[in-house]
Amino acid sequence: MTKLIVLYFFLIVLPFLVSAECGCGETEAQDRDKTKALQLKLVAITSILVASAIGVSLPILGKKIPTLRPENDIFFMIKAFAAGVILATGFIHILPEAFESLTSPCLGRNPWGDFPFAGFVAMLSALATMMIDTFATSFYERAHFNKALPVKDDSHVQGAAHEGHVHVHTHATHGHAHGSAFVSEDISSVELVRHRVISQVLELGIVVHSVIIGISLGASYSPTTIKPLVAALTFHQFFEGMGLGGCISQAKFKSKSIVTMVLFFSLTTPVGIGIGMGISSVYNENNPTALIVEGIFNSASAGILIYMALVDLLAADFMNPRMQSNLRLQLGANISLLLGSGSMSLLAKWA
C-alpha cells in the first residue's frame, strides 16, 4: 500500500510541480532532435522493461535451477554483486544528483546554499529506514508469536513446552540431544519476517529513484543525453532487480504478492519515461520547484538504498556463519562486491 501511494504521488503530483513555472535557463538548446530522441526513448522503455523483468525474476525462478538456489555459494556471490550495484547507485549516482539539484544556482542561496540539505535528508531517510525496519520486524514477530502460542495459564505453557521438546538420536554416536521445536520454528519465522520487511523497504527505495530518472529521461529531447542513460539504466535495473529478486525469493511471499512486486519493479521506470514524454513540452529541469522535489526525493532514495545495501544485504550475508567459515566463499563474495560497485561506479562517467 505504501509503495502504491508513493507511485501515485509521482504519477499525479510531480508532473504539475515540475511544470509550474519557468526555469533559469535551457540546457539542451544546442542538441534537440525530437525524432531521434523519441526513437531512443522507445528503445529505452523496451530494454529497461526486459532487463528489469529478467533481473528480478532470475532469483525467483532460480529455485528450480540448482545453481541459483539460495542455499548455493553462487547465490551469495550474485547477491554480493547486486548489493554492490545498489550501493554504488546510492553513493555515486543518486546522492551527487541530489546535491547538484539542491545547490543549483536556480535556487536561492538562502536556505539551500547555506545548509547541506541533500546529506541531511539522506541521513534522516537512512535513520527512518532503520526505525521502520526494526519496528516492522518486532511488530510482525509479536503478532506471529501471539498467534502461534496463545497462553491462558501455566498448565498450557508447561504442556506446550513439553510437547515442543524433541529427542534427536544420532546413530553414529548413539547419543541424544534435547531441543525445542518451537525455538527452531520461531527462528525461521523471525528470519522470514526480516526478509519480507527487507524486500518491501528495498523496493520502495528503488521505486522512488526509478520514477524520477524515468521522468527525466522521458522529458529530454537530447539524443546525447539519452544514449548513455539507456545503457546505464538497463545494466543498473538488471542487477538491481537481481538484488531485489534475491530478497523476494528468500521472503517466500505468496504467488500473487510475488507477481505484484515483480510487475511493480519492472514497470516503474518505463512508466516514468512515459510520464516524462507526456509532460516534455512543459517540463523544465531547472524549474526551482522541480529541483527541490527531485533533490529531496533523490536524497531520501539514496539514504534508503545505502542503508539497505550495507545493513540488510551485505552485513547480513557477510556475517552469516556459513560465509564466515568458508574462506573461498568470502573471497568470491568480496570480489563480486567490488566488481558490482566498480562497474556501477564506472557508468557514472556516462550517466
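Quantities reported herein were computed from a predicted structural model and do not represent experimental measurements. (Residues numbered from 1 in each chain as written. Predicted model: local features only at pLDDT ≥ 70, side-chain atom pairs only at ≥ 80, totals over all residues. Heavy atoms only, no water.)

1. Things to note about the overall build of the protein
Thought 1: When you go through the protein residue by residue, the secondary structure sums to 13 helices and 2 strands.
Thought 2: The burial tally for the protein puts 44% of its 351 residues in the buried class.
Thought 3: Within the protein, counting contacts between residues at least 6 apart in sequence, those at least 24 apart form 84% of the total.
Thought 4: On the protein, roughly 18,000 Å² of surface is accessible, and the fraction owed to carbon and sulfur atoms is 67%. (Helix = DSSP H or I, 4+ residues; strand = E, 2+ residues; numbered from the N terminus. Buried < 20%, exposed > 50% of the residue type's maximum accessible area, 1.4 Å probe, protein only. Contact = heavy atoms within 4.5 Å. Areas by Shrake-Rupley, 256 points an atom, 1.4 Å probe, with all protein chains shown as cover.)

2. Description of the UniProt feature "transmembrane region" (unreviewed entry) in the protein
Thought 1: Taking the UniProt record as the reference, the feature "transmembrane region" (unreviewed entry) is found at residues 44-62, 74-95, 115-140, 261-283, 295-315 and 327-348.
Thought 2: The span residues 44-62 shows a helical share of 95% and a strand share of 0%, and its end C-alpha atoms are spaced 26 Å apart.
Thought 3: Annotated as 100% helix and 0% strand, the span residues 74-95 places its first and last C-alpha atoms 30 Å apart. (UniProt positions renumbered as here; feature names shortened; annotations may be inferred.)

3. Here's the deal with unusual backbone geometry
Thought 1: One non-glycine residue, Lys252, lies in the positive phi region at around 55°.
Thought 2: If you trace the backbone, Lys252 turns up in the loop between helix H9 (223-251) and helix H10 (255-278).

4. Concerning the packing of H9 against H10
Thought 1: It is the contact of H9 with H10, at a shortest axis distance of 11 Å, that shows an interaxial angle of 165°. Considering the angle they form, H9 stands roughly antiparallel to H10. For H9 against H10, the interelement crossing comes out right-handed. Of H10, the residues touching H9 (which contributes Gln237, Glu240, Gly241, Leu244 and Ile248) are Ile258, Met261, Phe265 and Thr269.
Thought 2: Of the residues in the contact of H9 with H10, the class split is 5 nonpolar, 3 polar and 1 charged. (Axes fitted to C-alpha atoms, helices over the stretch in contact; angles between N-to-C directions. Parallel < 35°, antiparallel > 145°, perpendicular 65-115°, else oblique. Left-handed = near helix turned anticlockwise from the far one by under 90°. Nonpolar A, V, L, I, M, F, W, Y, C, P; charged D, E, K, R; others polar.)

5. Focus on helix H13 (residues 327-346)
Thought 1: With 20 residues, H13 extends 28 Å from end C-alpha to end C-alpha; this agrees with the ideal 28 Å at 1.5 Å per step.
Thought 2: Those residues of H13 that fall on the buried side of the exposure criterion are Leu329, Gly332, Ala333, Ser336, Leu337, Gly340, Ser341 and Met344. Seen along its axis, H13 keeps its buried residues to an arc of 155°; they face one direction. Facing away from the buried side of H13, by more than 90 degrees, are the exposed residues Leu327, Arg328, Leu331, Ile335, Leu338 and Leu346. (Expected span 1.5 Å × (residues − 1). Arc of directions from axis to C-beta.)

6. With respect to the confidence of the model for the protein
Thought 1: Residues of the protein with pLDDT of at least 70 account for 77%, and the chain-wide mean is 79.
Thought 2: In the model, residues 155-184 has pLDDT below 50 throughout and makes 22 contacts with residues more than four positions away in sequence or in other chains. (pLDDT = per-residue confidence, 0-100.)

7. So, the packing of aromatic side chains
Thought 1: Enumeration according to the criterion identifies 6 aromatic pairs in this entry.
Thought 2: Seen from their ring centres, Trp112 and Phe117 are 4.9 Å apart, and the 55° between their planes marks the pair as tilted.
Thought 3: Ring geometry for Phe115 against Phe117: centres 5.1 Å apart, planes inclined by 70°, an arrangement best described as edge-to-face.
Thought 4: Looking at Phe115, the relative accessible area reads 38%, which means it is partly exposed.
Thought 5: Residue classification places Phe117 among the partly exposed positions, given a relative accessible area of 23%.
Thought 6: Here the aromatic residues Phe81, Phe235, Phe238 and Phe239 are joined through ring pairs into a cluster of three or more.
Thought 7: One residue, Lys34, lies across the ring of Tyr221, its end atom 5.2 Å from the ring centre. (Phe/Tyr/Trp six-rings, centres within 6.5 Å; stacked < 30°, edge-to-face > 60°. Lys NZ or Arg CZ within 6 Å of the ring centre and 35° of its normal.)

8. Section: the packing of helix H4 (residues 73-102) against helix H11 (residues 288-318)
Thought 1: Relative to each other, H4 and H11 sit at 155°, their axes nearing to 8 Å. Judged on the interaxial angle alone, H11 and H4 are roughly antiparallel. Like other packed secondary-structure pairs, H4 and H11 cross with a definite hand, here left-handed.
Thought 2: Partitioned by chemical class, the residues of the contact of H4 with H11 number 21 nonpolar, 7 polar and 3 charged.

9. Here's the deal with a nonpolar patch on the surface
Thought 1: Where nonpolar side chains cluster on the molecular surface, the patch consists of Phe115, Phe120, Met123, Leu124, Leu127, Met130, Met131 and Phe135 and spans about 740 Å² of accessible area.
Thought 2: With respect to the helices and strands, Leu124 occurs in helix H6 (residues 117-148). (Patch = residues over 30% accessible without salt bridge, like charges linked within 9 Å, V, L, I, M, F, W, Y side chains within 5 Å. Salt bridge = Lys/Arg side-chain N within 4 Å of Asp/Glu carboxyl O.)

10. Considerations on the environment of Glu100
Thought 1: As for its position among the elements, Glu100 is in helix H4.
Thought 2: The class for Glu100 is exposed, based on a relative accessible area of 60%.
Thought 3: Glu100 sits 191 residues away from Leu291 along the chain, and the two C-alpha atoms are 8.9 Å apart.

11. Overview of the pattern of salt bridges
Close approach of charged atoms allows side chains with opposite charge to pair.
Thought 1: Enumeration according to the criterion identifies 2 salt bridges in this entry.
Thought 2: Close ionic contact of Asp73 with Arg322 constitutes a salt bridge, the shortest N to O distance being 2.6 Å. Of this pair, Asp73 sits in helix H4 while Arg322 sits in helix H12 (residues 321-324), and the two are 249 residues apart along the sequence.
Thought 3: Residue Asp73 is classed as partly exposed on the basis of its relative accessible area, which comes to 30%.
Thought 4: Close ionic contact of Asp317 with Lys79 constitutes a salt bridge, the shortest N to O distance being 3.6 Å. Of this pair, Asp317 sits in helix H11 while Lys79 sits in helix H4; the two residues are 238 residues apart in sequence, bridging distant segments of the chain. Both residues of the pair, Asp317 and Lys79, count as buried.

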